[in-house]
Amino acid sequence: MSDIRLQIDGKDVKATEGMTLLEAARGAGISIPTLCHHDKLVPFGGCRLCLVEVEVAGWTKLVVSCVYLAEENLIVRTRTEKIEKIRKTLLELLLAHAPDAPALKALAEEYGADADRYEKEASFCIHCGLCVRYCAEVKKKHAVGFIDRGIRKEISFLPHIAAVECNDCKECFPLCPTSYLQAAFVLIEALAFPRGSSQSS
Amino acid sequence: MVQLRSPQELEKLREDLLTQRDPSRPCISACAGAGCLASGAQEVIDAFTRELQTQGLQADVDTRGTGCPGFCEQGPVVVIHPEETCYLRVKPEDVPEIVSHLKDKKVVERLLYVDPATGERTTREGDIPFYKNQQRNIISDNIRIDSKSIDDYLAIGGYAALCKVLFSMSAEEVLDEIKASNLRGRGGAGFPAGRKWEGSRNAPGEPKYVIVNADEGDPGAFMDRALLEGNPHSILEGLIIGGYTIGAQEGYIYVRQEYPLAVENVTLAIAEAEKYGLLGKSILGSGFDFKVVVHRGAGAFVCGESTALMTALEGRVGEPRPKYIRSNEKGLWNKPSLLNNVETWANVPRIINRGAEWFTQIGTESSKGTKIFSLVGKITNTGLVEVPMGMPLRDIIYKIGGGIPDGKRFKAVQTGGPSGGCIPESLLDLAVGFDELTQAGSMMGSGGMIVMDEDTCMVDVARYFIEFLTDESCGKCLPCREGLRQMARILTNISQGKGKAGDLETLEELSEAAMEASLCALGKSAPNPFLSTLRYFRDEYEAHIQEQRCPACSCKALISFYIEPEKCTGCRICLKKCPVDAIDGDKKKIHIIDQDKCTTCGVCADVCPSHFGAVKRLSGVPVPADLAEDQRRVIRKSKGQ
Amino acid sequence: MDNDRIDQIIDQHQGDASALIQVLLDIQRELHWLPKEALQRVSERLAVDYARIQHIATFYKAFSLVPKGRHQVHVCVGTACHVRGAPRILDTLQDHTGIKAGETDLELKFSLETVNCLGCCALGPVVEINGKAHGNVSTADAADVLKGYE
């Protein structure tokens, strides 16, 4: 496999074919914020925090580094004024849902995001999709999925599968940045698990 | 029906069809498109069939349900051939008279088109100003054929382009012709079709696919409906040619399920084409196999986005994929997939038949050919209009559209659907074209043209589109899902008089995040309606925020209805119609609206007879005090005054 | 709907998992909703995980996981109809039926929905009932459109 040479934040970086910009940056010790990224999972491209500016043949554009593949001679900038402004806006939108999530609080401080910019939202799920994707791609159980779309989109445990699989697994629990997942599980266990199936009752 | 095994057999069939058809034979063609059907066209067609029996003419006169010719405002539309006499707003009760006049070679004057300004009547369809000022290269075929008849399509020259391609052109030659035509996609982005085709042709991977995007989600746009319903074979022909060019043997037609007639007609067309050997194995004996499958949408605007559409074809939710991976190279099932809009495909047979050079002579430098627009909203002649690129917007709205009805003033025309923007009066001389519209802050989009007048609130327009997109967003990416959520909330507050200082800046910030960081074009273009209305109608936003006033007197929470005492005649019509009994009055007693009970539904304003026009909308000003009881007698004005 | 009928519908689409949405559309058309048992059968026969079916059944507006009324009332809120006063028509119908868009009344008589553009823009505002479009509806006579439906 041939090496790909590109430049990230002024640094010369070598990447291999098939590597994403995020992987190439991390390999060179450059950090880019992420929320929905997980090394074991197919890149999702949902949170958009990992946005970077790429320049190729004189054209610049913003792309998500977790998905965009490294290219020869690419010039990448991981923090520009525009990127910082957008990350701040994105964080403020997330903080309306989960102002207490540690990962968000840390990023909020770094980017100067105001947790009270927007009215608080009822649900503290931030739609990173880590739980759904982990259960589908790693455990292959599909015990939790998405329902609906847009602002009505939610995660939903499937009681007939979760009642059988989850209590012995719960590997997705530590992945949730906001603990919404644990709350959703407890609720579905109380409301919808078939009687006698839950170990904790 | 027998399988045609060679181009010669096709031509022989065509000749036979033409010999059997006598062009001078009377034929009653009634539009059977969804619009006219909703106006009662089926009852009209049935009435004709019955009446011809009654008058003993069934052997001498044909009837035919045709595709949509676009003059939907005046439907049901009936054209009598060969004279091409055009009757409008035909009802079943009119049918006996039409048929007897036909027998006597006379014309029913009262059903002809009448010019609203001069009162002049036009007999021939082609002379009607609405049609005459168009260049109806594509849509004019709709009224010449029964949409359910492949023979009719053959009789007007159908599938000749396919023959030419399969038997006298190589795939490279076809590609060169499409490239030379400079045909740009008609679905929204206006991407050069030739380049897209070339990408798919050259991309490695098998099998390859060609796809028709008939999702047509832009509200107010129905060009694709008319084409797919009205002339489904023209789309099929284009699709097969596309397949041949890139080396695809499978085609998909993704039709939104809200268009059941289009689904029906295209499914029938595929079956008929298969019977004739124009689809299936070795088309016309050429050795080229091709099959087509119809896939219905399930109600999601985002599935009009090409990568989301492909995901839906795979049986999944319509979530778009990043555009870094070009879908024409890795699309459906990660294979090269050429997706184009219905109207783009419809142009292909014409370009093959008449040549790329003919096509490039129509339109402007960067936008070639004609485009079908759906001209709707506050406009006199609502319907589909096909014009050469480069025609000024003003001509479309006034010469063809007949201007704004009810004596109202033009305010803006919204083009490009929820991804587009509003063009104000100052820019009406803009030539219609991809780049021109984009520069003005809008875009061509699929062709929707919503005309708005002085009664349309531009803040409400922005709110409407953002709410629409909030509802249709797939929800995968943050800037679209959450950004639009907040934008919708702020715009709703503004329209209810709850706007705050700083709202416009917040909206601009959210717009930037959506435009720069969204996953797909839905999110990226979502802020356009807001940004363009802010650009041209900032004063309306400021009035809503700073004065709680809606200049167009439209936003329900900011208006009051007031009956002007000098104009009220005490006729009691509004009083009887008010759903909450908020109007007090009596015969010859000036009516008064109880502002506490009033829900601002607007019924009183709608039903007050126009020659009185006594109900006024107020905004941002206090409602004048009620008249005292003894002043409420209506004084009838004598004729002398 | 018994499993035989569901199997028939699946077989009409060659039992292909990519035709999942088409299968669900056919079931929805016949039953006017998607019962859980039907979805489970589809999940088994097409070898598709239930989570995916559940997402599809809730993502797309054509599907309903609860029974619908006998009469589907669709108010078009496309841009052209909006500009011609569709919101007021919707308000009137909501008041008249007592239900909001997206709901079904308690007698299972009417289901009220908004729909984004039926393609009959020249006749706006348009209200479609059981697939039949009524054009040029005004606020004053909107409630009359519902007369005659039992």
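Residues numbered from 1 in each chain as written. Chains lettered and ligands numbered in written order. Predicted model: local features only at pLDDT ≥ 70, side-chain atom pairs only at ≥ 80, totals over all residues.

A. Representation of the overall build of chain C within the structure. Within chain C, the secondary structure is distributed over 6 helices and 4 strands. Its helices and strands taken in sequence order, chain C reads α-α-α-α-β-α-α-β-β-β from the N to the C terminus. With respect to the principal axes defined by its C-alpha atoms, chain C has extents near 50 × 30 × 25 Å. Sorting the 150 residues of chain C into buried and exposed places 48% on the buried side. By sequence separation, contacts in chain C at least 24 residues apart represent 59% of the contacts at least 6 residues apart. (Helix = DSSP H or I, 4+ residues; strand = E, 2+ residues; numbered from the N terminus. Buried ≥ 20, exposed ≤ 12 C-beta atoms within 10 Å, placed from the backbone. Contact = placed C-beta atoms within 7 Å.)

B. Fine view of the interface of chain A and chain C. Listed per partner, the contact involves 7 residues of chain A and 7 residues of chain C. A breakdown of the residues in the side of chain A that touches chain C according to their chemical character gives 3 nonpolar, 2 polar and 2 charged. (Nonpolar A, V, L, I, M, F, W, Y, C, P; charged D, E, K, R; others polar.)

C. Region of interest: the pairing of strand S4 (residues 59-64) of chain A. Residues and elements named next belong to chain A. Direction of pairing for strand S3 (residues 51-56) relative to S4: antiparallel, over a ladder of 6 bridges. Its bridge partner lying in S4, Leu-51 is registered against Val-64. The antiparallel pairing of S3 with S4 creates a hairpin that spans 2 residues between the two strands, and Ala-57 there sits at a positive phi of about 50°. (Pairing = 2+ DSSP bridges.)

D. Quick peek at helix H1 (residues 3-12) of chain C. Residues and elements named next belong to chain C. Listed in full, the buried residues belonging to H1 are Ile-6, Ile-9 and Ile-10. Down the axis of H1, the sector holding all buried residues measures 100°, keeping them to one side. Those residues of H1 that are exposed and angled more than 90 degrees off the buried face are Asp-4, Gln-8, Asp-11 and Gln-12. In the core, the buried residues of H1 are packed alongside helix H2 (20-31) and helix H3 (36-46). (Arc of directions from axis to C-beta.)

E. Region of the structure containing the packing of helix H3 (residues 41-54) of chain B against helix H4 (residues 95-103) of chain B. Residues and elements named next belong to chain B. Between H3 and H4, the least distance of the axes is 9 Å, while the angle of their chain directions is 50°. By the angle between their axes, H3 is oblique relative to H4. In this structure, H3 meets H4 at a crossing whose hand is right-handed. Contacts between H3 and H4 involve Val-44, Ala-47, Phe-48, Glu-51 and Leu-52 from the first element and Val-95, Pro-96 and Val-99 from the second. Residue composition of the contact of H3 with H4, by class: 7 nonpolar, no polar and 1 charged. (Axes fitted to C-alpha atoms, helices over the stretch in contact; angles between N-to-C directions. Parallel < 35°, antiparallel > 145°, perpendicular 65-115°, else oblique. Left-handed = near helix turned anticlockwise from the far one by under 90°.)

F. Highlighting the interface of chain C and chain B. Tallying the contact residues gives 35 residues for chain C and 42 residues for chain B. Of all the secondary-structure elements, those providing two or more residues to the side of chain C that touches chain B are H2, helix H4 (50-59), helix H5 (79-83) and helix H6 (86-97) of chain C. Partitioning the side of chain C that touches chain B into residue classes produces 21 nonpolar, 11 polar and 3 charged.

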